[in-house]
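# Coordinate analysis (summary)
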Amino acid sequence: MFNIFKEKLKKGLEKTKTSFGDKLDSVLKVFKKIDDDLYDELEEALIMADAGVETSMYIIGELKKKVKENHLTEADEVRGAIKEIIADILSENDNEVKLSGSPAVVMVIGVNGVGKTTSIGKMASLFKSEGKKVILGAGDTFRAAAVDQLQVWAERVGVDIIKHQEGADPGAVMFDSISAAKARGADVLIFDTAGRLHNKKNLMDELKKIYKIIERELPNSSKEVLLVLDATTGQNALSQAKLFGEAADITGIVLTKLDGTAKGGIVIAIGHEQKIGVKFIGVGEGVDDLQKFNAQDFADALF
């Protein structure tokens, strides 16, 4: 089973590997010795893969330390060292999805268009395949069709959904979702929220209100707040992570559409600059193409 996941990950990261791993290899083939020119070329390769300037500089700084400490001389050793540094960055944050209590709550936030509803559907499918009873809460009551889209996914995956009419109070939807989850013995409640960030204060107030209801009704349940980001937007995804991070207490990232971009280095930038763990990554269109994130597997697939 794990080999299937690794194969999918490798295939999903093909474009990023071409822009980063292959460029890295071609740089290392040209340079016979480790010098400043090599470091400059490597840094450029990282920036091109959207690891960002700050993170790329950090990786090269760490690489210089490793080269010195371990007396590295061969280009191939540099490759292994970079891979190690990237795996370390990605392992520093908590990438584990917490699902304790009955039900555990997963609140999903993110701007419209990043694949939020799709991610919720795929997450429900994944949890269900692990033998968990899942219920969906349609808390994005402001966008026309948001509830309908979630309904389609609930039917496709075969899970219950709790919904109100368009424009309803998301807090009321959360309360009813929790009541239903308790009554039906659900293991996980995945709750969709309004996808907008035009007013940070509004968003913050709304999330606080919803969070208060969860705290009151489910004091012993784990609470994940997952931010969905579209990998194809590169550095824009990093900006969104910063903005949402100021408005909400994010526990993890869901990074979608990694298979459609050469900018997979954004995973490293988010891990390093935002100190938020990536919990899920989307590496394809299929219902089972949302994977739990593994730092070492990701680093391996890049090279």
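Description of the structure in this document.

Rules behind the numbers
- Residues numbered from 1 in each chain as written.
- Predicted model: local features only at pLDDT ≥ 70, side-chain atom pairs only at ≥ 80, totals over all residues.
- Heavy atoms only, no water.
- Phe/Tyr/Trp six-rings, centres within 6.5 Å; stacked < 30°, edge-to-face > 60°.
- Helix = DSSP H or I, 4+ residues; strand = E, 2+ residues; numbered from the N terminus.
- Buried < 20%, exposed > 50% of the residue type's maximum accessible area, 1.4 Å probe, protein only.
- Pairing = 2+ DSSP bridges.
- Contact = heavy atoms within 4.5 Å.
- Patch = residues over 30% accessible without salt bridge, like charges linked within 9 Å, V, L, I, M, F, W, Y side chains within 5 Å.
- Areas by Shrake-Rupley, 256 points an atom, 1.4 Å probe, with all protein chains shown as cover.
- Salt bridge = Lys/Arg side-chain N within 4 Å of Asp/Glu carboxyl O.
- Axes fitted to C-alpha atoms, helices over the stretch in contact; angles between N-to-C directions.
- Parallel < 35°, antiparallel > 145°, perpendicular 65-115°, else oblique.
- Left-handed = near helix turned anticlockwise from the far one by under 90°.
- Nonpolar A, V, L, I, M, F, W, Y, C, P; charged D, E, K, R; others polar.

## Examining the packing of aromatic side chains
What describes a pair of aromatic rings is the distance from one ring centre to the other and the angle between the planes of the rings. Under the criterion given, the structure shown has two aromatic pairs. Between the aromatic rings of Phe127 and Phe280, the centroid separation amounts to 6.2 Å while the plane-to-plane angle is 70°, which identifies the pairing as edge-to-face. You can see Phe127 sitting in helix α6 (residues 116–129) and its partner Phe280 sitting in strand β7 (residues 278–282), a full 153 residues away along the chain. One exposure class covers both Phe127 and Phe280, and it is buried. The interplanar angle of 50° and the centroid separation of 5.4 Å between the aromatic rings of Phe293 and Phe298 together place this pair among those described as tilted. We classify Phe293 as buried; its relative accessible area is 8%. Overall, Phe298 belongs to the buried group, its relative accessible area being 0%.

## Remarks on the environment of Gln165
Mapped onto the fold, Gln165 is located in the loop between β3 (160–162) and α8 (170–183). The spacing of Gln165 and Ala154 is eleven residues in sequence and 17 Å in space, taken between C-alpha atoms.

## Topic: the pairing of strand β4 (residues 188–192)
Among the five residues of β4, five are classified as buried, and the element is accordingly described as predominantly covered. Here β4 shows no split at all, with Val188, Ile190 and Asp192 on one side and Leu189 and Phe191 on the other all buried. Direction of pairing for strand β1 (residues 104–109) relative to β4: parallel, over a ladder of five bridges. Among the inter-strand pairings, Met107 is bridged to a residue of β4, identified as Phe191. Note: strand β2 (residues 134–138) against β4, five bridges, orientation parallel. From the neighbouring strand, Ala138 faces β4, where its bridge partner is Asp192.

## Some points on the environment of Leu90
By secondary structure assignment, the location of Leu90 is in helix α5 (residues 75–91). C-alpha of Leu90 to C-alpha of Val67: the two residues are 23 residues apart in sequence and 21 Å apart in space. With near-sequence residues (within four places) excluded, Leu90 lies in contact with Asn95, Val267, Ile268, Phe293, Ala295 and Phe298.

## As for a nonpolar patch on the surface
A surface patch of nonpolar side chains, about 260 Å² in accessible area, is lined by Ile47, Val53 and Met57. Note that Met57 resides in helix α4 (residues 53–69).

## Examining the pattern of salt bridges
Two side chains that carry opposite charge are able to pair once their charged atoms sit near each other. Taken as a whole, this structure holds 19 salt bridges when the rule is applied. The partner of Lys116 in a salt bridge is Asp140, and the shortest N-O contact between them spans 3.7 Å. In this pair, Lys116 is assigned in helix α6 and Asp140 in the loop between β2 and α7 (146–157), connecting sequence segments 24 residues apart. The buried category is assigned to Lys116, whose relative accessible area is 5%. Look at Asp140 and you get buried, because its relative accessible area is 2%. The salt bridge involving Lys292 is made with Glu130; its shortest N-O contact spans 2.9 Å.

## Side note on the packing of helix α2 (residues 14–30) against helix α3 (residues 36–48)
Between α2 and α3, the shortest axis-to-axis distance is 9 Å and the interhelical angle comes to 165°. Of the possible angle classes, the one that applies to α2 and α3 is roughly antiparallel. Helix-helix and strand crossings are classified by hand; for α2 and α3 the assignment is right-handed. Judged by residue contacts, Ser19, Phe20, Lys23, Leu24, Val27 and Leu28 of α2 engage Leu38, Glu41, Leu42, Glu44, Ala45 and Leu46 from α3. Here the contact of α2 with α3 is built from residues that sort into eight nonpolar, one polar and three charged.

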